[in-house]
Amino acid sequence: MSRVYNFSAGPAVLPEEVLKRAAADMLEYGDSGMSVMEMSHRSKVFEDILDTAEADLRELMGIPANYKVLFLQGGGHTQFAMVPMNLMKNRVADYIVTGQWAKKAAKEAEMYGEVRVIASSADKTFTYIPDLKNLPVSPDADYVYICQNNTIYGTAYHALPDTQGKDLVADISSMFLSGPMDVTKYGLLWGGAQKNVGPAGVTIAIIREDLIREDVLPGTPTMLRYKTHADAKSLYNTPPCWNIYVCGLVFQWLKDLGGLGAMAKKNEEKAALLYDFLDNSKLFRGTARKEDRSLMNVPFVTGDEALDKKFVAEATAAGLVNLKGHRTVGGMRASLYNAMPLAGVQALVNFMEKFEKENGR
Ligand SMILES: *Cc1c(COP(=O)(O)O)cnc(C)c1O
């Protein structure tokens with residue numbers, strides 16, 4: 001067996017300690033006589049798994065009591081619809097478009113009401129976060145929507161927009177638990193687990209109680225109402241039990257290493273190592289604007305497509321995998337999620353140095 005350094009944007013690397021724990025629990029969880037995959041979601045033992053996962057997440061993120069934590073299915077794309085169906089009371093919402101995921105969310109919301117794009121970085125292939133001062137927030141907007149870390153383009157908000165009193169809704173899929181955040185600044189936060197939190201198949205939403213409405217848009221299916229899941233404590237129907245259990249192991253892993261402040265330090269150190277190299281390289285360059293760079297996703301290019309291809313192939317052979325950029329932008333992308341060790345980033349930088357020399361720079 002040999003594990004590689006996996007720089008995938010998602011589904012992505014998970015902590016080895018978590019995978020080992022899950023493997024040890026595979027045939028029998030505790031003294032339940034069965035795997036978590038085989039047990040009733042109504043059993044006491046599973047309810048404990050769910051309650052512990054929620055309590056640990058609340059502790060890690062400092063989630064106030066007036067916010068609900070929901071374990072949902074359907075991935076990010078379902079949230080693109082669920083957000084407007086549940087929150088678009090006035091049928092108006094403002095979107096800041098900083099990449100493909102925000103653009104798709106805005107497009108989906110157009111099915112339910114008027115979507116106003118109040119800022120965008122589409123003019124420069126989403127390589128930056130637009131100016132957030134004096135945003136033309138609509139007086140009748142039900143919410144302002146952002147994608148806080150742009151997985152494909154490697155940008156992140158380092159400050160939140162002034163929503164002029166409107167509720168902020170944020171897709172935090174690719175930065176979930178990468179560092180501390182102030183939950184009270186948001187009305188609703190959600191993220192698919194498969195980037196930084198656990199296996200694909202569970203999406204976690206954190207929503208302020210007053211936004212959990214009865215009066216959702218007509219035709220909103222029962223399963224797509226936040227209220228359904230809030231009332232049933234994420235047990236309305238069979239939840240993704242195994243996925244929730246693995247997320248719970250990741251939460252414990254984060255607590256053991258000192259919480260999100262400690263995790264943020266590690267993430268900053270990892271990202272700095274790669275960005276410093278990129279900034280001094282004669283061959284490679286990062287594509288995102290410096291002040292808007294993401295700690296999680298680092299896109300870079302050589303400027304020569306054939307050389308990019310050669311790099312990805314040789315890196316793969318050296319055990320540094322999934323470095324190909326998103327199909328819509330090309331080049332390379334290294335995702336440095338929580339579970340990527342510093343040694344993995346060091347190995348990547350060493351390899352890039354060697355490649356640079358061998359290719360005449
Ligand atoms: C991956 C991703 C999505 C899409 O998630 P799915 O679960 O595949 O629907 C949405 N937003 C962000 C920021 C992502 O990184």
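Residues numbered from 1 in each chain as written. Predicted model: local features only at pLDDT ≥ 70, side-chain atom pairs only at ≥ 80, totals over all residues. Heavy atoms only, no water.

S.K.: If you had to explain the nonpolar core to someone new, which residues and values would you point to?
M.R.: In terms of nonpolar packing, the biggest core is built from 59 residues, with Met-61 and Ile-206 touching the most fellow members. Here this core takes 11 residues from helix α6 (residues 241-256), the largest share from any one element. In this structure, this core is formed jointly by two domains, domain 1 (16-257) and domain 2 (259-359), each of which donates at least three residues. Within the second largest apolar cluster, 32 residues are counted, among which are Met-82, Ala-109, Tyr-153 and Leu-188. (Core = buried A, V, L, I, M, F, W, Y, C linked by side-chain atoms within 4.5 Å. Buried < 20%, exposed > 50% of the residue type's maximum accessible area, 1.4 Å probe, protein only. Helix = DSSP H or I, 4+ residues; strand = E, 2+ residues; numbered from the N terminus. Domains from an automatic or database assignment.)

S.K.: Tell me about the domain arrangement of the protein chain, and name the residues and values.
M.R.: Split into domains, the protein chain comes out as domain 1 (16-257) and domain 2 (259-359). Of note, the centres of domain 1 and domain 2, computed from C-alpha atoms alone, are 27 Å apart. Counting from both sides, the interface comprises 28 residues of domain 1 and, opposite them, 26 residues of domain 2. Summed over both partners, the interface of domain 1 with domain 2 comes to about 2,100 Å²; 57% of that surface belongs to carbon and sulfur atoms. The largest per-residue losses of area from domain 1 upon contact with domain 2 belong to Ile-152, Gly-154 and Leu-257, which jointly make up 22% of the total buried on that side. Linking domain 1 with domain 2 are zero salt bridges, by the criterion used here. For the pair domain 1 and domain 2, the number of links is 13 residue pairs in polar contact (both at pLDDT 80 or more). Of all the secondary-structure elements, those providing two or more residues to the side of domain 1 that touches domain 2 are α2 (44-61), β6 (149-150), β7 (155-156) and α6. By residue number, the principal contributor to the side of domain 1 that touches domain 2 is α6, which donates three residues. (Contact = heavy atoms within 4.5 Å. Buried area = accessible area lost by both parts, 1.4 Å probe. Salt bridge = Lys/Arg side-chain N within 4 Å of Asp/Glu carboxyl O. Polar contact = N/O pair within 3.5 Å; in protein donor to acceptor, adjacent residues only side chain to side chain.)

S.K.: Would you mind going over empty space enclosed by the protein in detail, with residue names and values included?
M.R.: A complete count under the given rule lists one cavity of 30 Å³ or more for this structure. Approximately 40 Å³ is the volume found for the largest cavity. The wall of the largest cavity is formed by Val-13, Leu-14, Pro-15, Asn-196, Val-197, Val-250, Trp-253, Asn-338 and Ala-339. (1 Å grid on protein atoms, 1.4 Å probe; cavity = no way out; pocket = protein on both sides within 12 Å on 5 of 7 lines; lining within 4 Å. Points joined across faces, edges and corners; volume = space filled by probe spheres on them.)

S.K.: Explain the environment of Met-37 to me, using residue names and the numbers behind them.
M.R.: By the element assignment, Met-37 lies in the loop between α1 (16-24) and α2. With near-sequence residues (within four places) excluded, Met-37 lies in contact with Met-26 and Trp-242.

S.K.: Quick rundown of the packing of helix α3 (residues 75-87) against helix α4 (residues 100-109)? Include the residues and the values.
M.R.: In the contact formed by α3 and α4, the axes pass within 8 Å of each other and the chain directions differ by 45 degrees. What the angle tells us is that α3 and α4 run oblique. Here α3 and α4 pass one another in a crossing that is right-handed. Of the residues in α4, those in contact with His-77, Phe-80, Ala-81 and Pro-84 of α3 are Trp-101, Lys-104, Ala-105, Glu-108 and Ala-109. When grouped by side-chain class, the residues that make up the contact of α3 with α4 number six nonpolar, one polar and two charged. (Axes fitted to C-alpha atoms, helices over the stretch in contact; angles between N-to-C directions. Parallel < 35°, antiparallel > 145°, perpendicular 65-115°, else oblique. Left-handed = near helix turned anticlockwise from the far one by under 90°. Nonpolar A, V, L, I, M, F, W, Y, C, P; charged D, E, K, R; others polar.)

S.K.: Break down the pairing of strand β10 (residues 203-208) for me, with residues and values.
M.R.: In summary, the side chains of a regular strand alternate between the two faces of the sheet. The buried count for β10 comes to six of six residues, which makes it a mostly enclosed element. Burial along β10 is two-sided: Thr-203, Ala-205 and Ile-207 facing one way and Ile-204, Ile-206 and Arg-208 facing the other are all buried. As judged from the six bridges shared by strand β2 (residues 67-72) and β10, these two strands associate in the antiparallel manner. When the bridges of β10 are listed, Lys-68 appears paired with Ile-207. Relative to β10, strand β9 (residues 188-192) runs antiparallel, the two being bridged by five bridges. For Gly-192, the partnering residue across the bridge sits in β10 and is Thr-203. (Pairing = 2+ DSSP bridges.)

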